[in-house]
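Given next are the chains, with one letter for each unit.
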Amino acid sequence: MTATLVELETISAAKVIDARGAACPGPLLEAKKGMGTVPLGSIIEIWSTDPVTKTDIGAWSGKVGHEFLGTLGADGYERVFVRRGK
Amino acid sequence: MTDCLSLVLFSGTADKLHAAATVAAGAAAMGRPVNVLLQYWALDAFRADRIAADHGLAFDAMAPGSSRPVHGTAAIPWLETFRMAKELGDVSIQACSGSLETLGVDSDRLDPLVDGPCGIASFLLAAEDGQLIFI
């Protein structure tokens, strides 16, 4: 289930991963690594300058059982939100 | 379960692109969805400013005694074969975003045959229900 932009704005992530400047598959690997450090049900936020990260992290989340919540645009990068599902 | 065929193209020489285009077009003609991921020199070959250039031959073709059959035959050029494959069926050609970054190529400067940039997880998800070939 994707969250609305307003809902995303209110999220306080359990972990923020700054993967800005990294090319694919860097942000995905950082997300995978970071996800293992937070409890089930909590949310991580990945910062990325790579335009394919949101699609890729969405694909990964659906495949492995996490919940892709959506993306917020920031100043020159995107904030991608995922809830740990397993 | 689909019977899709996925190709990871790494090499940018005309002989390998020609072989890949043949497989892609054949699969498309047989009604199979085709996913192509362009990496490295194959991606470079799809740059709009050099797609029509002579892309040379792989080292295999330089071996003593090789018949070098690619040039001067009746074979359709690889670019035309890819174009026909896209007309014939469900063929997606994606640019590996990591390779775009590595080569310093903007996706806007690729030939229109390329559908857009793609991350590795998205490609593998599309590829997981069928065979995957690396050329």
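Residues numbered from 1 in each chain as written. Chains lettered and ligands numbered in written order. Predicted model: local features only at pLDDT ≥ 70, side-chain atom pairs only at ≥ 80, totals over all residues.

(A) Representation of the sheet that holds strand E3 (residues 91–96) of chain B in the model. Residues and elements named next belong to chain B. Taken together, five strands build an open sheet; the order of strands is E4-E3-E2-E1-E5 and the sheet is parallel. Only two strands of the sheet have a single partner each, and these edge strands are strand E4 (116–118) and strand E5 (131–134). Averaged over neighbouring strand pairs, the angle between their axes works out to 30° when direction is ignored. (Pairing = 2+ DSSP bridges. Helix = DSSP H or I, 4+ residues; strand = E, 2+ residues; numbered from the N terminus. Axes fitted to C-alpha atoms, helices over the stretch in contact; angles between N-to-C directions.)

(B) Main features of the packing of helix H1 (residues 14–29) of chain B against helix H3 (residues 78–88) of chain B. Residue and element names in this part refer to chain B. It is at 8 Å that the axes of H1 and H3 come closest, and there the two elements cross at 20°. With respect to their mutual orientation, H1 and H3 come out roughly parallel. Our pair here, H1 against H3, has a crossing hand that is left-handed. Contact residues: Ala-14, Leu-17, His-18, Ala-21, Thr-22, Ala-24, Ala-25, Ala-28 and Ala-29 in H1; Trp-78, Thr-81, Phe-82, Met-84, Ala-85 and Leu-88 in H3. Split by residue class, the contact of H1 with H3 holds 12 nonpolar, three polar and no charged. (Parallel < 35°, antiparallel > 145°, perpendicular 65-115°, else oblique. Left-handed = near helix turned anticlockwise from the far one by under 90°. Contact = placed C-beta atoms within 7 Å. Nonpolar A, V, L, I, M, F, W, Y, C, P; charged D, E, K, R; others polar.)

(C) Quick peek at the sheet that holds strand E3 (residues 67–73) of chain A. All names here are of chain A. Taken in spatial order, the four strands of this open sheet run E1-E2-E4-E3, and their pairing is mixed. The sheet is open, and its two borders are formed by strand E1 (15–18) and E3, each paired with just one other strand. Neighbour-to-neighbour, the strand axes of the sheet open up by a mean angle of 20°, direction not taken into account. Of the strand pairs in this sheet, E3 and strand E4 (residues 78–83) are connected by six bridges, and their pairing is antiparallel. Across the sheet, residue Gly-70 finds its bridge partner in E4, namely Phe-81. Contacts between helix H3 (residues 53–64) and the sheet are confined to strand E2 (43–48), E3 and E4, with E4 contributing the most and set at about 5° to the helix.

(D) Up close: the interface of chain B and chain A. Residue-level contacts link 11 residues of chain B with 13 residues of chain A. Of all the secondary-structure elements, those providing two or more residues to the side of chain B that touches chain A are helix H4 (97–103), E4 and helix H5 (120–127) of chain B. Classifying every residue of the side of chain B that touches chain A gives five nonpolar, five polar and one charged.

(E) Geometry of unusual backbone geometry. Across the junction of Cys24(A) and Pro25(A), the peptide omega takes the value 10°, indicating a cis bond. One can find Pro25(A) in the loop between E1 and helix H2 (26–35). For Tyr40(B), which is not glycine, the phi torsion reads 45° and is therefore positive. Topologically, Tyr40(B) is positioned in helix H2 (residues 40–45). Here Tyr40(B) falls in the partly exposed class, since 16 other C-beta atoms lie within 10 Å of it. (Buried ≥ 20, exposed ≤ 12 C-beta atoms within 10 Å, placed from the backbone.)

(F) Fine view of the pairing of strand E1 (residues 5–9) of chain B. Residues and elements named next belong to chain B. Most of E1 sits out of view: four of its five residues are buried. Two strands pair when backbone bridges link them, and E1 and strand E2 (residues 34–38) are joined in this way by five bridges, in the parallel orientation. By the bridge assignment, Leu-7 is partnered in E2 with Val-36. Read from E1 through H1 to E2, the crossover connection turns out right-handed. Pairing analysis gives four bridges linking E1 to E5, with the strands arranged parallel. Bridge pairing in E5 places Ser-6 opposite Leu-132. (Right-handed = clockwise from strand over helix to strand, strands pointing away.)

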